[in-house]
Structure formats: C-alpha cells, structure tokens
Amino acid sequence: MFLIVIFIFSFIYSTIQTKKTYDFLIQNDFSKAKISSQKAILFPTIISQSTLHQSDTLEAWTKSLSLISKLEQFEENVQYIGKNMLDPTIPQANLIVLEEQLVDINNEVIELNNHLNSSFILKNLSITNKINQTLKITDQIINSLKTINKDPHTFLILLQNTEELRASGGFMGSYARIDLNEGKVTNITIQDIYEPDGQFTGFVDAPPGAKEYLSGGQGLRLPDSNWHPDFPTSAKIISSYFAFGDERKIDSIITVNVDQIEKILKIVGDIYLPDYGLTVTSDNLTALARADRNAFFAGSKQKANFLTSLFNNLKIELTKLNSQQQTEIIETLLRGLQHKDLQLFSWHPQLQDIFVKYNVAGEIEYQDQSDFYLYLLETNVGINKANKKITREVKINLGQNRTDLEVKFHNDGSESLLDYINYQRIIVNPMVTVKEVRYGEEKISFYEDLITNSKGKDFKQVGFLIPLESGQSKTLNITLNYQTICVEKSCKLQIQKQSGIQPTPYQINYMGKSKNIVLEQDEIITF
C-alpha cells in the first residue's frame, strides 16, 4: 500500500513539474526549465528502477532533460556569439554555429514530440500544441539564418534621432554598413548620412509636405528619404539613394532609434573615449554625436570618426558584461522591436515575410477595411530637436458615421530654439472623408491624397502644418465622416503607433463606453 502511495505521489509530482518545464520553455526561461525538468525525472527514475523497462513515457522524460541542457547551452552560445561576433580572431563566434545547433535542437524537439504523442500519459498534458508552436518559430529562425549565411549579406543600420521626428522614427544622421560572410562579420563602416548624399547629383521631386517644408527646392534628398509612412516603401527609396551614393549590394535595412542606444548605455555604463577626452553617457549621447547640421558637408569625417570611436569602445565594454546584463540587453532589444524603436526590412522575400509576420517591418496595414484605421504621423520640419520636449494626449469619439479626433499637444521647451514645426499627417481608410480640421480656434486647410503601402493597398493621407511655440499647449480637432464603419453594438478601431513617439495616453469613446490605453505599440480596440 505504501509503495502505491509513493507511486501515485511521484507520478502527480512529476507530471506537474513536466508541465512547468514546458511552460518555462515557452517563456524562454531556461534556468527554471532545467530545475523543473530535474524534478520531473523523479517518476521515470522510480519506474525504471523498479520495472527495468523504458516506456515511451520514460523516454520522453529522459529526452526532455537532455533537451533542456541543450537549450541552456544554446542560450550561452547566443550570448557568447553576441559578445564576440565582431572579433575576427574568434572564428567560432558566427551565425553558422547557431544555425547548426538550432537545427540539432529542432530535431531533438521533433523526436521528443513523437515520444509525447506515443505516450498515453503525456499526450494529454497540452504540451504538444506548445511544442508545435515553438517548432514553427524555430523553423522560421533557421530559414532566416540559412538565408543570411548562404551568401555574403550586407546590413545597413540607420541611426535615427527621435528628437527630430520623422515618419520612420527620426532624422537619419548616421549609418553603419555591416558585411557578413559565412555568418561572420567581415567589415563595419560607420559614416555620416551626408557622405553618400553628397555623391548624388540628380533631382527627385519631393512629395507634398517634404517639398514645401524640407526640400529647399533641391528635391528629395537622402537625409529626408524616410518620408513615406510605410517603412518597406521608405526602405526601398532609401536603398536607391544609397546606391546613387556608391553604397551598393544592400540586402537588409535596420532602423535603430537613438533611444535604444541610450538604454543599452544605461546597462553597459558610461564609456570613456580617450581620443576625445570625453565620457559618453545615456544622457549626453545625442548632444555629443551631432554637430551643427548647417556645417555638415560631404567628405567631413568628424561625426563618423566620433561614432567609430564610440562603437569600438562599446564593443570592448560588451565583452565584459555578465550574464544578467546580457539578458537585459536582449530584453531591451526585444522591447525595442515591439515598440518600433527598431524596424527591419529585407530585399530577400523570405526574411521580409518573417519581419511582416511578427510586426517588426513598420508597414502600414489594416486587417479589415470595415474596421476604423488611424495612424497619427508627425514630422519635425523645423530642423531642430524640439521633440524631446513634446508630449500629447489623444481623445477619439467614435460614431457610426462620424469620428471626432482631439489631440492636445504640449511643448515644454523654454527657449525659442525648440519651437515645434510639425507637419502633421493623418492616415485613415480610403473611404473616410475629412470634414474639418481646427487648430486652436483656427480652421486650417489641408492636403489630401491617396497613398499605397508596399503591397499596393490604398490609404488616405491628410497633411497640414501646425506650429507650436515653446511653453505652449494647443489642441488639434479633426472631424472625420464615412458611410458606416461601426455597426450599432460593435466597433473595432485599429491604431498604429509611430516609431519614435513616446508612450501616449489615448481615450476612446463609443456609444457611452470608454476605454483608456497608453499607446506603446500598435493596438486593436474593440467595443
């Protein structure tokens, strides 16, 4: 009788620990998964010792423990390669190593899944569904690595200053070209955006808004080529300008908002640059990284040299991080993808499909034309850093045939140099009509046209200029009409978040109901 109680207890205990193990795996918490898997081995150990028989259930438990160890080693490899991939003297720190290990782990997971399905006890724990979801993700990661590792691959990293807001996140002041071959970084070049821009001698007519307030009669230039609200469309335009500037063979583009670098510096700590006698911190990065924009010219190496020195010293500091700091950086980058502080584009369809699927491609898109789609898009055309002082509050009153939109802008700047000159755009469904735009007490005129995303889907774009002096607050009111989007008892609103905009409070009202959110990523609100 006592043995039966021990048997039942060990079975229940191991079952619970097995379920916990896979829950931790889904959460990418490998250390807790390993502890749970070691506890889960209690039942199969007792049975195997008492019966000398290895069933599918026992085999599955044994496989799970083996798999946890491999996953923990994989996490360590990711961190090791992340620290040393930029060092050419360490040949094993490359993406091919990760690809091979991930394929090996994937095969282990498939084998484990087969054992789980063969076990009457384990197949009812709802584990196989989670494993199948994980397999789909790892398959996509493996295919991505294969694409990058197959041939030489060039990444263009665009550093965007969100203090001067643009459609894709901020003014593109600098960039890095990173060349990979066989999964290893072979070359990194950091340059000022005006260097390739100076090589372009042609003329491209600027789009409305940019033409009047940014081009200075010189057409659309590279520094302002991230104008289109749809990032895949902007990325293709950016690529063409870099090709004009002799930066050819670009496979993928990544935008990185300066906020991300500041967050990484908070984890890494201050960085001293001996060549400049300066200490770079998260607080002074943007001030040190830029000179007077009016003094920029093609051939100037001032900013490129500074950023190269910063990058080289940052690279050294990254190798000194402990495992907790490495994890914090990975978590920061993942949040950055979620909040659009990083956006990705690739000319390789397979990679681009993955970027779109996980909503890191920055494309404008609505799920259903019957939903109400709204994208508030600001562009700082004042050629200053006013956006660090700008906050906003949004109220949306939804109706069946009309929506009233209210945006309260606040400029907390204390000097006229930070007056905000905002070319405001509203992107909505194509069948929506703009009835009226008011800014403060004044009714203002606006430009209206149809634009398309990279897939050819139509959107209506409405644009107008709204200045805001330092120390002022002012309210923008827009009335939108349409046939019928929201039916009597239900309504769905899709709100797109602009890259570079700080978390913004939204109040949405419909038929006496109200919902409040802080917009940090794209949201779908249903009533």
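Everything quoted here is computed from the prediction, not taken from an experiment.

1. Structural notes on helix 13 (residues 323-338)
Side chains three or four residues apart in an α-helix point the same way, a direct result of the helix having 3.6 residues per turn.
Logical step 1: Relative to the 22 Å expected for 16 residues at 1.5 Å per residue, helix 13 spans 23 Å between its end C-alpha atoms, a close match to the ideal helical length.
Logical step 2: Three or more residues of helix 13 are buried, namely Gln326, Ile329, Thr332 and Gly336. Buried positions in helix 13, seen along its axis, are confined to an arc of 120 degrees and lie on one side of it. Facing away from the buried side of helix 13 by over 90 degrees, the exposed positions are Gln324 and Leu334.
Logical step 3: One side-chain oxygen at the N-terminal end of helix 13 lies 3.2 Å from the backbone nitrogen of Gln324; it belongs to Asn322.
Logical step 4: Downstream of helix 13 by a residue or two, Lys340 has a phi angle that is positive, lying close to 70 degrees.

2. Some details on the packing of aromatic side chains
Logical step 1: In total, this model carries 13 aromatic pairs according to the counting rule given.
Logical step 2: Aromatic side chains Tyr213 and Tyr423 sit 5.7 Å apart centroid to centroid with 40 degrees between the ring planes, which places their arrangement in the tilted category. Of this pair, Tyr213 sits in helix 8 (residues 210-213) while Tyr423 sits in strand 11 (residues 420-428), and the two are 210 residues apart along the sequence.
Logical step 3: For Tyr213, a relative accessible area of 36% puts it in the partly exposed group.
Logical step 4: Residue Tyr423 is classed as buried on the basis of its relative accessible area of 5%.
Logical step 5: A cation over a ring is seen here: Lys457 above Tyr366, with NZ or CZ 4.6 Å from the ring centre.

3. Re the sheet that holds strand 16 (residues 473-481)
Logical step 1: Read across the sheet, 7 strands follow the order 13-12-16-10-9-18-19 without closing on themselves; strand pairing throughout is mixed. The two strands at the open ends of the sheet, each matched to only one other strand, are strand 13 (442-443) and strand 19 (513-519).
Logical step 2: Where strand 12 (residues 433-439) meets strand 16, 6 bridges bridge the pair, whose relative direction is antiparallel. Looking at strand 16, one finds that Arg438 is bridged to Asn477.

What counts and what doesn't
Residues numbered from 1 in each chain as written. Predicted model: local features only at pLDDT ≥ 70, side-chain atom pairs only at ≥ 80, totals over all residues. Heavy atoms only, no water. Helix = DSSP H or I, 4+ residues; strand = E, 2+ residues; numbered from the N terminus. Expected span 1.5 Å × (residues − 1). Buried < 20%, exposed > 50% of the residue type's maximum accessible area, 1.4 Å probe, protein only. Arc of directions from axis to C-beta. Polar contact = N/O pair within 3.5 Å; in protein donor to acceptor, adjacent residues only side chain to side chain. Phe/Tyr/Trp six-rings, centres within 6.5 Å; stacked < 30°, edge-to-face > 60°. Lys NZ or Arg CZ within 6 Å of the ring centre and 35° of its normal. Pairing = 2+ DSSP bridges.

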